[in-house]
Amino acid sequence: MLHNDVGQAVGIGRASREPPRWLRRQLKYRDGRCTFPGCDFKMFLHPHHIKHWIKGGETNLDNLMLVCTFHHKLLHEYRWSVELGDVPGTAKWFRPDGTPYDPARASP
């Protein structure tokens, strides 16, 4: 288990690809819903590794975010990418060509 500078548990590093229950609870508390802008799904969410596990990504709070099944598919099958936003529970999404997704301008 990894801890931050004030002693809070923040992840398990490369010990496992699957986040343990306590880490899933932290994700649910931080994100609250699917992190795709405008998506209000709060159930059946998947923890997604921002830097993919297979490419050395760790199972830590700062490398995970919650996404619904549909938006998880955008990431894995349609080459979208994502990074954590500046505000907890938010994310910055990018189209396959690398341009930022702006929900005010167009839908995916």
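Our subject is the structure listed above.
Here is what the cut-offs are and how they apply
Residues numbered from 1 in each chain as written. Predicted model: local features only at pLDDT ≥ 70, side-chain atom pairs only at ≥ 80, totals over all residues. Heavy atoms only, no water. Buried < 20%, exposed > 50% of the residue type's maximum accessible area, 1.4 Å probe, protein only. Helix = DSSP H or I, 4+ residues; strand = E, 2+ residues; numbered from the N terminus. Arc of directions from axis to C-beta. Contact = heavy atoms within 4.5 Å. Pairing = 2+ DSSP bridges. Core = buried A, V, L, I, M, F, W, Y, C linked by side-chain atoms within 4.5 Å.

A.B. asks: Can you tell me about helix H2 (residues 69-77), naming the residues and giving the values?
C.D. replies: Turning to H2, its buried residues are His71, His72, Leu74 and Leu75. An end-on view of H2 places all buried positions within 150° of arc, on one side of the element. Projecting away from the buried face of H2 at angles above 90 degrees are the exposed residues Phe70 and Glu77. Lining the buried residues of H2 we find strand E3 (46-49), strand E4 (64-67), strand E5 (81-84) and strand E6 (91-94). Just past H2, the residue Arg79 takes up positive phi, approximately 65°.

A.B. asks: Mind laying out the pairing of E6, listing which residues take part and the relevant values?
C.D. replies: Examined bridge by bridge, E5 and E6 share four bridges and lie antiparallel to one another. What sits directly across from Val82, in E6, is Trp93. Remark: six residues form the turn of the hairpin made by E5 and E6, two consecutive strands paired antiparallel; Gly89 in that turn has positive phi of roughly 85°.

A.B. asks: Tell me about unusual backbone geometry, and name the residues and values.
C.D. replies: The phi angle at Phe44 is positive, at roughly 55°, despite the residue not being glycine. In this fold, Phe44 is placed in the loop between helix H1 (21-31) and E3. A positive phi angle, close to 65°, is found at Arg79, a residue other than glycine. The residue Arg79 is located in the loop between H2 and E5 in this model.

A.B. asks: Break down the nonpolar core for me, citing the residues and quoting the values.
C.D. replies: By size, the foremost hydrophobic cluster in this structure holds 19 residues, and its most contacted members are Cys34, Phe36, Leu75, Trp80, Val82 and Trp93. When residues of this core are traced back to their parent elements, those giving at least two are H1, E4, H2 and E6. In terms of residues, this core owes the most to one element, E4, which gives four residues. Setting aside residues no more than four positions away along its own chain, Val82 makes contact with His48, Ile50, Met65, Leu75, Ala91, Lys92, Trp93 and Phe94.

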